[in-house]
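Letter by letter, the chains look like this.
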Amino acid sequence: MSYKEPAPIMHDKDPLESMMKRFHIAAEYLNLDEEVYSVLKSSNKKIIVSLPISMDDGSVKVFEGYRVIHSNILGPSKGGLRFDPGVNLNEVTALAAWMTWKCAVVDIPYGGAKGGVCCDPRSMSKSELERLTRAYTQAMHDVFGPDKDIPAPDVGTGPDQMAWLMDEYSRARGTTVNAVVTGKPIILGGSVGRIEATGRGVMVATLSALTKIKINPFNATVAVQGFGNVGSWAANLLKERGCKIVAISDISGGYYNEKGIDVGNAITYRNEHKGSLEKFDGGKKISNEELLSLDVDVLIPAALENAITEKNANQIKARLIVEGANGPTSHEADSILEKKGIVAVPDILANAGGVIVSYFEWVQNRLGFKWTKNRVYRRSDSIMKQAFNNVFSISKKYKISLRTAAYIAAIDKVARTYKYRDGSFTFQKNDKNS
Ligand code: NAD
């Protein structure tokens, strides 16, 4: 094969570089031809906007916003909107490509995208956040659309931002378009089960993986980094199923209790303290680094990228890592973990529960019909289990990690769809996914 290995970009912990290295490994397994390799490695579109916002003190602050559409091969692009001080174009580009692979691995008809605004939402008032979300939506109103590009919540955004986005987009179109965004409040057309969907998918992936590696989930010890939407729901649902959550953390630090954290208490505490666990007394205070190296059965990184790198991978003692966050493990850490025999369920599979239920929300909006919670849970659990089993059997068949297997499943699907669309494949009766 003649395509070149991607050159290192910026620094050794760039999420785009980690994504590209994994893409390259899977492309080599698949023997992708050069044309498809170059199409799939590139983003379709990258938009950068400046957003001047009136702040509550009367000043005007200019924020930089991004939307990257990685691919529309499988369908309209789908991906969250992140409000965080660390947002930059490379990060958003990597996250957009991960969305393409994620939708493909769980077999839903979406391409991948991601958006972000470099800002600190914790230091902004609700009205400043509303003005910022509306300005971002105005700047992107030609990009978004239920058949084009559909945003959703991510770090630093939630149902409020999605409601403002839906309202601003609908004003510009002169009609209510609730299918333009998912993760909305239920009253605006949000789906039951969406808020807990990613954490629920993490729970399903964890239980499936524990069964495969023959660890009894009952009383399995779990440490969760990040106690936002994904981490807190994953912790809560795993606790309900008998696991013992011995540590949780957020940006304020970690909290360890060998008898088990009372997750319900921690959620109430966080909700009553502006989203923070600071001074939570349900466990001994530890650092985020200490949490990552605890001797537990399961480690769930559910905060941001690069929590596990070549610098700390050797200290990890967990037997199973389930990636609630996107990109929590750097490419360099992969081989260290593999050598230690640690099984990692990769982000593009483990945290796909959110986009699965986002897809259900979009389907319900377009049907003008609401599903019951039972139907949402049943269908999303079943898609997660099926995707996990598919990736697991690829990894067994080729003796490769679950990560490489997941990339292979995803890239193969997108590549074959591309080939059908551009006419270089013709329909075969025995095509396994025909
Ligand atoms: P969130 O904003 O609700 O929570 C993020 C949590 O991480 C907070 O508890 C925050 O304090 C903590 N955190 C931030 N920086 C940290 C640090 N340096 N050390 C330790 N903790 C830190 O975000 P979320 O929606 O739960 O998303 C978390 C991760 O999951 C992100 O990588 C996101 O892309 C990914 N994800 C989210 C969804 C979703 O549906 N929300 C879906 C798929 C993937």
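Conventions and cut-offs
Residues numbered from 1 in each chain as written. Predicted model: local features only at pLDDT ≥ 70, side-chain atom pairs only at ≥ 80, totals over all residues. Heavy atoms only, no water. Near = heavy atom within 4 Å. Polar contact = N/O pair within 3.5 Å; in protein donor to acceptor, adjacent residues only side chain to side chain. Areas by Shrake-Rupley, 256 points an atom, 1.4 Å probe, with all protein chains shown as cover. Nonpolar A, V, L, I, M, F, W, Y, C, P; charged D, E, K, R; others polar. Pairing = 2+ DSSP bridges. Helix = DSSP H or I, 4+ residues; strand = E, 2+ residues; numbered from the N terminus. Axes fitted to C-alpha atoms, helices over the stretch in contact; angles between N-to-C directions. Domains from an automatic or database assignment. Contact = heavy atoms within 4.5 Å. Buried area = accessible area lost by both parts, 1.4 Å probe. Salt bridge = Lys/Arg side-chain N within 4 Å of Asp/Glu carboxyl O.

Caption draft 1: Seen up close, the site of the ligand. Neighbouring the ligand are 23 residues, the closest being Arg-82, Asp-154, Thr-198, Val-230 and Asn-326. Between the ligand and Ile-251 there is a distance of 3.0 Å, counted from an oxygen atom to a backbone nitrogen or oxygen. In the environment of the ligand, an oxygen atom lies 3.0 Å from a nitrogen or oxygen atom belonging to the backbone of Ala-303. Coverage of the ligand by the protein amounts to 83% of the 830 Å² it exposes when considered alone. For the shell around the ligand, a count of residues per class yields eight nonpolar, 10 polar and five charged.

Caption draft 2: View of the sheet that holds strand β3 (residues 77-84). Taken in spatial order, the five strands line up as β1-β2-β4-β3-β5 in an open sheet, and their pairing is mixed. Edge positions in the sheet fall to β1 (45-54) and β5 (149-153), since each of these pairs with one other strand and no more. Direction aside, neighbouring strands of the sheet carry axes that sit 25° apart on average. Sheet topology places β1 next to strand β2 (residues 60-71); 10 bridges connect them, and they run antiparallel. Residue pairing in the sheet places Ile-48 in a bridge with Tyr-66 of β2.

Caption draft 3: Highlighting the domain arrangement of the protein. When the domains of the protein are assigned, the result is domain 1 (42-176) and domain 2 (197-350). Using C-alpha coordinates to define each centre, domain 1 is positioned 27 Å away from domain 2. Each partner contributes to the interface: domain 1 provides 12 residues, whereas domain 2 provides nine residues. Roughly 880 Å² of surface becomes buried between domain 1 and domain 2 when both sides are summed, with 58% attributable to carbon and sulfur atoms. For the interface between domain 1 and domain 2, the tally reads one salt bridge. Between Glu-305 and Arg-82 there is a salt bridge, with the nearest N and O atoms lying 2.7 Å from each other. Between domain 1 and domain 2 we count two residue pairs in polar contact (both at pLDDT 80 or more) in total. Where the side of domain 1 that touches domain 2 is concerned, the elements lending two or more residues are β3 and α3 (89-105). Of the residues in the side of domain 1 that touches domain 2, the class split is five nonpolar, no polar and seven charged.

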